[in-house]
Amino acid sequence: IDDRGPMVSIDERLQYQSMVAHIGVQEQRLAETMAQLVDERAPSRACVIVGDGNETISEREKIKALENALNDKGIKYRTIQCSNDGLADALKNEDGAALICMKPDMIQAVCEQAAQSSMIFGVGYDNSARDYLEDGRIEALVVIPSLIHIRRCRRTTSLCPRRPP
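Residues numbered from 1 in each chain as written. Predicted model: local features only at pLDDT ≥ 70, side-chain atom pairs only at ≥ 80, totals over all residues. Heavy atoms only, no water.

Core analysis: the largest hydrophobic core is formed by 23 residues, its most contacted members being Met 34, Val 38, Leu 66, Leu 70, Ile 100, Met 102 and Phe 121. Elements that contribute at least two residues to this core include exactly α1 (25-41), β3 (47-51), α2 (57-72), β5 (98-101), β6 (119-123) and β7 (138-143). For this core, the leading source of residues is α1, giving six residues. Residues contacting Val 38, with those up to four places away along its chain left out, are Pro 43, Cys 47, Ile 75, Ala 98, Ile 100 and Phe 121. (Core = buried A, V, L, I, M, F, W, Y, C linked by side-chain atoms within 4.5 Å. Buried < 20%, exposed > 50% of the residue type's maximum accessible area, 1.4 Å probe, protein only. Helix = DSSP H or I, 4+ residues; strand = E, 2+ residues; numbered from the N terminus. Contact = heavy atoms within 4.5 Å.)

Given below as structure tokens:
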């Protein structure tokens with residue numbers, strides 16, 4: 001590959017000095033899936049994207065894609081950035097909001113510290129997320145790279161394959 005000029009990669013993680021952007025199809029699908037889930041399950045709630053301020057480039061790309069997808073659906077949102085230590089204070093005014101965790105490691109902290117009336121949406125999957133989903137604390141998870149979203153359906157958990165848009 002000739003890397004002398006500016007380059008943009010599409011759905012590939014290439015590492016060249018001249019790389020100016022990465023456009024990930026997975027990030028776009030993830031964002032569209034999450035925006036659709038929020039729109040369907042929490043249509044009239046305040047929407048908050050929760051981050052810790054230490055996002056990687058890939059995680060920032062996912063958040064930017066989510067912001068664009070929410071804007072496309074006309075969903076108003078705001079973003080909060082805080083560490084787990086400051087999360088309780090950051091969430092105290094978000095009672096009843098749709099909270100979106102774009103980092104898997106934030107899901108457990110948000111589940112533990114958010115008001116019970118909040119609807120929690122997340123990206124990623126581990127044992128604690130599964131437990132919170134089965135207990136009804138998490139409304140929906142989007143799991144990548146296979147882009148299967150997991151949603152709570154009347155006391156059961158279902159795996160729902162998503163078709164590419």
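Sheet topology places β3 next to strand β4 (residues 77-81); five bridges connect them, and they run parallel. By the bridge assignment, Gly 51 is partnered in β4 with Gln 81. Taken together, β3, α2 and β4 constitute a β-α-β crossover, and its handedness is right-handed. (Pairing = 2+ DSSP bridges. Right-handed = clockwise from strand over helix to strand, strands pointing away.)

On to the packing of helix α4 (residues 104-113) against helix α5 (residues 127-134), then. Where α4 meets α5, the closest approach of the two axes is 9 Å, and the angle between their N-to-C directions is 40 degrees. Our pair here, α4 against α5, has a crossing hand that is left-handed. Counted together, Ile 107, Gln 108, Cys 111 and Glu 112 of α4 and Ser 128, Ala 129 and Tyr 132 of α5 form the full contact between these two elements. Class assignment of the residues belonging to the contact of α4 with α5 gives a composition of four nonpolar, two polar and one charged. (Axes fitted to C-alpha atoms, helices over the stretch in contact; angles between N-to-C directions. Left-handed = near helix turned anticlockwise from the far one by under 90°. Nonpolar A, V, L, I, M, F, W, Y, C, P; charged D, E, K, R; others polar.)

These results come straight from atomic positions and should not be treated as a statement about function.
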